[in-house]
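Residue-level structural notes
Take a look at the letters that make up each chain.
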Amino acid sequence: MTEEIEVSDFVMMNDITEQSMMELLKKRFENDKIYTLIRDVVVSVNPYKKLDIYSEKYIDRYRGKNIYELPPHIYSVADTAFLNLRDLGQDQCIIISGESGAGKTEASKLIMEYIAAVSGDSLEVDKVKSKLLESNPVLEAFGNAKTTRNDNSSRFGKYMDLQFDFLGNPIGGMITTYLLEKSRVVNPAKDERTFHIFYHLLGGADKALLDKLHLTSNFTDYEYLKKSNCSTVPGLNDKTQFDAILNALDCIGFKQDQKDTLFKCISAILHVGNIKYKKNENNDENVIIENPEVCKTIAELLDVKCEDLMNALTYRTVIDKNKSSNQKNIKVPLNLAKALSCQDTLAKTLYEKLFSWLVNVINENIFHTKDDGSHRSVIGVLDIYGFEIFQVNGFEQFTINYCNEKLQQLFIELTLKSEQEEYNNEGIQWENIDFFNNQIICDLIESKTNSIIALLNEECIRPGEKSDMTFLNKLNSSIIKNPHYDSREKTRNIKEIDINMFKIKHYAGDVVYTVDGFIEKNNDLLYNDISFVLNSSKNPHLPIMFPQNLENISLKSPETISTQFKNSMNQLIKNLTAKNPHYIRCIKPNNDKKSGVFDDELCLHQCRYLGLLENIRVRRAGYCFRKEFSKFVERFKLICEDTWPNWKGDPQEGVRRILKEANIQEEDYCFGKTKVFIKKPQIVFQLENIRNEQENKIATIIRANWLAYIYKKKYQKEINSIIGIQSMIRSKFEAQKYKKTIENIVKIQKYCRGFLIRKHMKREYLKLPKYCCRMIIKQWKGYKVRKMLNDMCECSKKASNWTSVQWPDEKYANDKNLKEPYEIFKQVYKRINAKKYRKSLTPDRKDYLEWKCTAMNTFSGKAGWKESATTQYEDDGLKIADTQSAKWKKICSDGSKIIQSFECTKFHRKNLKKEVPRKFVITENDLYLVDNSLGLKDKLPYSSINEIGCSTKKDGCIIFHTSNSKGDLMIRTDKNCIEVVSKICITSKNKGKEIKVNVSDSQNFNNTKKTIPIEFTNSDKPKLVVTGNNNKLIINVPN
Ligand SMILES: Nc1ncnc2c1ncn2[C@@H]1O[C@H](COP(=O)(O)OP(=O)(O)OP(=O)(O)O)[C@@H](O)[C@H]1O
Ligand SMILES: [Mg+2]
């Protein structure tokens, strides 16, 4: 058995019978091998459990591998489609079919995930991929519901085009949806749920959002949810789902107002279900709304006027064509039945329009519209509702099953019918294999005349009284003979078919439909008044959902729902036929959603109606590959030397040579009229492999040639560059050489010219008069002096002050011509600056400096003169003037200003060794000697002083040689006698008398009687000591 289950392609079975097919399918299923092939068609059995075959590891394993290289997998189909698209640029489509709960939606998601994983991964591409992938949870939330057969049943058909660029990177997508089962909104069957989003919102939204939407988290608060008595799905957490949806909406690009609109509409629908009517007591025919506050909430959520909404739910506007134009519209009150229908219509239609709008917004965000040429091809994935049979089957099941008939027909066309036709047309020996062609059922439903849709439409638009029963009568009278149609009237089958029912023998089984609601659902009339109210909403998205206005609705009869659906189906089939198809046939193993249970009967039934056995037979007997001769040559020409690079001969001969070169045996292929047919897929892979090898070889040759060309070009470029550099260097050398030659020529020219001019000048010079020569000399000297002056200016600028200028003596001091002006300039510079300096002096400063000068000139040999130069003036030290003494005023009767006063001792004239204390006062006019009580002791006018004598030592003695009758005066003071004497001399000079100062250690003192010599000597004693006598006085000055 192990060997048996390893048979992964039904075509490889030993005997092709229904029994062996089912056995193999069951065995494989029981061993978790849920995928089996019929050549390139994948048959998938829902395992109802998580299998470890969808990890990244598996994606990597299947990437770029041939469908027969690895065990069958959905990834192989996705990979083949993706490679065909990327490498051949062909549009692809993957058609997933099967009953409800067979695993179509899961398969479509696996395909999208696989393609996302193997295609490009740039930032931009990743963004597109996440948008495409995130569209799944959003659409599932709004379009899927829990049914008794499937907890996540798709209640709409979905076809999604994935758009790719030239490199195979996804660049966008486009979703088309088919007929949403909107009746579920108001009428979910028992134990089923309405669409997931209602429960996700109530169970997942936070308190703030629920409050904003006037909702509670209690499902039983809402009539529409209460009905089915089922609010939870095992294993499905509404809160987690709601968060995931919010994330997905953000990722896709929904704006806040768009998200708000979604949830407001969902909330409004729930509230619509809670509207209650009661009879109007005044008018039996009329109803009024019992709970207007609910309408107020709905109006607020939908941003419409509450009054208008309530009117639209209780009245209907009809057009009275008999009256004049201004009285055209009449308001007719609704009875209870009509009002209830109106209420449900509002909820259903609002949900349906919201769903279409949601899909449009997703498409706006994912569709690649840029006309930049980047878009190349698409992979379409079709996941449409599966064939279904309920206890009660209505209009929805009719359309869903019709859709499945169409898809089965497409499958038959592509795999069974056309294939066999092709063998016959091509003249290939072929024994026809019978299969059930469901075209007859398609015709019964959709053909232009005498079909169920045609008759339904006729009934809908026909004037006069019409009902679902009149429609059934019409069917009975028109198509009763059709072998696939049955009704009570036809077979009197009381047990199975009720009076209001008809039966269609579908390819997948017999389904009894009840006609109730067919007419209304086919017309799908939303009362004009409701449409008008929603169109008037201030929420800008609602008028987009309800674009029609009253006028349009009234005048136009819109296409019926069945016509719209038929058209969209035909469009879909056209679309799929234009693409390269891949099939995934899903099988549901049991009705209980249980893992590991294989219900033989159920599976056999599905395999039968899917036509799998016929499919296997055709594939087994037939050829897996066919191609027109010329196209085959074009693809494989590189295998054979004769056909490469171009084959100009007969295409069939070309094919023959290629196959011979590839060593393919004659029994493995066959020639038709225009095509070559190959039996085993292995042969095709063998050819593809040889082609790949050859391609690599050729690519290597092309690469080598290309590289040679590139390197040659590069070499050429380098050579050109070298030549360029060489010529540049050479030209530079030449230019330098030329420049040097020119310079030399100019030099020679200069010498020659100089020589000639000098010669000429010599001649001319002799002719020059003498004054010219002088002029030249003067100019020359002038030039020299100016140059010197410039140099001196430069030196003076460099100096920090004018007394420290470093004159360029070395240059000019010894130049016999310039020495004199040089010295003059120096003097002038000094004088100018000295003048400037003097001018800047204050009078006090001037006096001070004058005293310093005098002191310097007079006492340059005396000890302490340097210190005295820095000491300050001292004025009336004894403050005699300040005392305002009358005695002093009397002494100094002329009131002259006291210049200085100080304490001193006076040497006694008769005995010089004796000293008496006195005060010495220098005024502007005289010198005074006074005692302690300011008694005048001596007065020396300046005019009487002839000379002043001082020693060179620091003894403080001053000898005034006078023409006084008393003789000379000698005093000693602690004051700085240099300062005292200088002041006396300056004051006296100002009075016109210049006093000589004799600085010497040998002085004389004249006391009118005799002249006594005074010697000043240095002594070791600490104090000044006066020795000697009146013959010779010795003053010993301490060192
Ligand atoms: N390959 C799989 N592996 C594991 N579980 C699967 C697989 N395919 C399907 N199922 C299970 O089966 C359930 C039904 O599958 P899915 O929704 O794809 O069915 P469907 O064919 O789309 O049905 P419907 O026509 O009602 O939409 C999934 O929710 C999942 O639990
Ligand atoms: Mg589904």
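Residues numbered from 1 in each chain as written. Chains lettered and ligands numbered in written order. Predicted model: local features only at pLDDT ≥ 70, side-chain atom pairs only at ≥ 80, totals over all residues. Heavy atoms only, no water.

1. Thoughts on the sheet that holds strand 15 (residues 509-514)
Spatially, the three strands line up as an open sheet ordered 13-14-15, and their pairing is antiparallel. Only two strands of the sheet have a single partner each, and these edge strands are strand 13 (485-487) and strand 15. Averaged over all pairs of adjacent strands, the angle between their axes in this sheet comes to 25°, without regard to strand direction. The pairing of strand 13 with strand 14 (residues 501-506) spans three bridges and is antiparallel. Residue pairing for strand 14: serine 487 is matched across the bridge by phenylalanine 502. Contacting strand 13 and strand 14, helix 17 (residues 439-446) crosses the sheet at an angle of about 150° to strand 14. (Pairing = 2+ DSSP bridges. Helix = DSSP H or I, 4+ residues; strand = E, 2+ residues; numbered from the N terminus. Axes fitted to C-alpha atoms, helices over the stretch in contact; angles between N-to-C directions. Contact = heavy atoms within 4.5 Å.)

2. Description of the site of ligand 1
Near ligand 1 lie 18 residues; those nearest to it are Asn46, Ser100, Thr105, Ser153 and Ser154. In the model, an oxygen atom of ligand 1 is placed 2.6 Å from a nitrogen or oxygen of the serine 100 side chain. Here an oxygen atom of ligand 1 and a backbone polar atom of asparagine 152 are 3.4 Å apart. Protein coverage of the free-state accessible area of ligand 1, which is 620 Å², stands at 86%. Elements with a contribution of two residues or more to the shell around ligand 1: helix 5 (104-118) and strand 5 (153-154). For the shell around ligand 1, the element with the highest residue contribution is helix 5, accounting for three residues. Of the residues contributing to the shell around ligand 1, the split by class is four nonpolar, 10 polar and four charged. (Near = heavy atom within 4 Å. Polar contact = N/O pair within 3.5 Å; in protein donor to acceptor, adjacent residues only side chain to side chain. Areas by Shrake-Rupley, 256 points an atom, 1.4 Å probe, with all protein chains shown as cover. Nonpolar A, V, L, I, M, F, W, Y, C, P; charged D, E, K, R; others polar.)

3. Focus on the state of the cysteines
A complete count under the given rule lists zero disulfides for this structure. Here cysteine 795 stays free of any disulfide, with the sulfur of cysteine 793 as its closest cysteine sulfur at 9.2 Å. With relative accessibility at 14%, the residue cysteine 795 sits in the buried group. (Disulfide = S-S within 2.5 Å. Buried < 20%, exposed > 50% of the residue type's maximum accessible area, 1.4 Å probe, protein only.)

4. Describing the environment of serine 377
Position of serine 377 among the secondary structure elements: in strand 12 (residues 375-383). Through-space distance from the C-alpha of serine 377 to that of aspartate 498 is 50 Å; in sequence the pair is 121 residues apart. The contact partners of serine 377, leaving out residues within four places of it in the chain, are Leu85, Gly89, Gln90, Asp91, Leu162, Gln163 and Phe164.

5. Observations concerning a nonpolar patch on the surface
Where nonpolar side chains cluster on the molecular surface, the patch consists of Ile702, Trp706, Leu707, Tyr709, Ile710 and Tyr711 and spans about 610 Å² of accessible area. In this structure, tyrosine 709 sits in helix 30 (residues 681-767). (Patch = residues over 30% accessible without salt bridge, like charges linked within 9 Å, V, L, I, M, F, W, Y side chains within 5 Å. Salt bridge = Lys/Arg side-chain N within 4 Å of Asp/Glu carboxyl O.)

6. Quick word on the UniProt feature "binding site: ATP" (unreviewed entry) in the chain
The sites that carry the UniProt feature "binding site: ATP" (unreviewed entry) are, in the present numbering, Gly98, Glu99, Ser100, Gly101, Ala102, Gly103, Lys104 and Thr105. Residue placement: glycine 98 occurs in the loop between strand 3 (92-97) and helix 5. The class of glycine 98 is buried, set by a relative accessible area of 7%. Ignoring sequence-local partners within four residues, the contact set of glycine 98 consists of Lys104, Gly386, Phe387 and Cys586. Along the polypeptide, glutamate 99 turns up in the loop between strand 3 and helix 5. (UniProt positions renumbered as here; feature names shortened; annotations may be inferred.)

7. Regarding the packing of helix 14 (residues 306-314) against helix 15 (residues 336-366)
Orientation of helix 14 relative to helix 15, taken along the N-to-C sense of each, is 125°, at an axis distance of 8 Å. Taken together, the axis directions place helix 14 and helix 15 in an arrangement best described as oblique. In this structure, helix 14 contributes Leu309, Ala312 and Leu313 to the contact, and helix 15 contributes Ala339, Cys342, Gln343 and Leu346. Of the residues assigned to the contact of helix 14 with helix 15, the class counts are six nonpolar, one polar and no charged. (Parallel < 35°, antiparallel > 145°, perpendicular 65-115°, else oblique.)

8. Some details on the sheet that holds strand 27 (residues 996-999)
Reading across from one edge, 23-22-21-20-26-25-24-27 is the order of the eight strands in this open sheet, with mixed pairing throughout. The open sheet terminates on both sides in strands that have one partner only, identified here as strand 23 (936-941) and strand 27. With direction set aside, neighbouring strand axes in the sheet form an average angle of 30°.

9. Brief notes about the confidence of the model for the chain
Regions with low pLDDT carry predicted coordinates that are not meant to be interpreted in detail. Of all residues in the chain, 96% have pLDDT values of 70 or greater, and the mean over the chain is 88. Within the chain, the lowest mean pLDDT, 48, falls on helix 24 (residues 550-555), and the highest, 97, falls on helix 12 (residues 256-273). Note on residues 550-555: pLDDT under 50 across the span, and nine contacts to partners over four residues away in sequence or across chains. (pLDDT = per-residue confidence, 0-100.)

10. Here we look at the pairing of strand 15
Counting buried residues in strand 15 gives five out of six residues, a clear majority hidden from the surface. Summarising the sheet, strand 14 and strand 15 pair through six bridges and their orientation is antiparallel. When the bridges of strand 15 are listed, histidine 506 appears paired with glycine 509.

11. Some thoughts on the nonpolar core
In this structure, Phe142, Ile197, Phe198, Leu313, Tyr351 and Phe502 are the most contacted members of the largest nonpolar core, which totals 179 residues. In terms of residue count, helix 15 provides more of this core than any other element does, 14 residues in total. Each residue touching phenylalanine 198, except ones within four places of it in the same chain, is listed here: Val185, Leu225, Ile266, Ile269, Leu270 and Tyr351. Counting 26 residues, the second largest nonpolar core, distinct from the first, contains Trp865, Leu940, Cys950 and Ile971. (Core = buried A, V, L, I, M, F, W, Y, C linked by side-chain atoms within 4.5 Å.)

12. Notes on the coordination of the magnesium ion (ligand 2)
Here the magnesium ion (ligand 2) is held by Thr105 (OG1) and Ser154 (OG), and the distances to it run 1.9 to 2.1 Å. In this pair, threonine 105 sits in helix 5 while serine 154 sits in strand 5, placing the two residues 49 residues apart along the sequence. (Donors = N, O, S within 2.8 Å, 3.2 Å for Na, K, Ca; no water.)

13. Focus: unusual backbone geometry
Note that the residue after tryptophan 644, namely proline 645, is joined by a cis bond; omega there is 0°. By secondary structure assignment, the location of proline 645 is in the loop between helix 28 (629-636) and helix 29 (651-661). Of note in this structure, arginine 39 is not a glycine but carries a positive phi near 55°. Relative to the helices and strands, arginine 39 is located in the loop between strand 1 (35-38) and strand 2 (41-45). For histidine 214, which is not glycine, the phi dihedral falls at a positive 55°.

14. Looking at the pattern of salt bridges
By the definition in use, this model includes 55 salt bridges. Among the salt bridges present, the one from lysine 109 reaches glutamate 106, with a minimum N-O distance of 3.6 Å. Of the two residues, lysine 109 and glutamate 106 both sit in helix 5, three residues apart, roughly one turn of that helix. Judged by relative accessible area, which is 18%, lysine 109 ranks as buried. Across the pair lysine 983 and glutamate 979 runs a salt bridge whose closest N-O atoms are separated by 3.1 Å. Placement of both lysine 983 and glutamate 979 in helix 38 (residues 977-990) is noted, with a separation of four residues, approximately one turn of the helix. Among the ionic contacts, a cluster of salt bridges with common partners joins Arg155, Glu181, Arg184, Glu192 and Glu388.

15. Description of helix 26 (residues 600-610)
Residues of helix 26 that are buried include every one of Leu602, Cys603, Leu604, Gln606, Cys607, Tyr609 and Leu610, and no others. For helix 26, the secondary structure elements touched by its buried residues are helix 2 (18-30), helix 16 (395-426), strand 16 (580-587) and helix 27 (612-621). With a side-chain oxygen lying 3.2 Å from the backbone nitrogen of glutamate 601, the N-terminal cap of helix 26 falls on aspartate 599. A positive phi of about 70° marks glycine 611, the residue just after helix 26.

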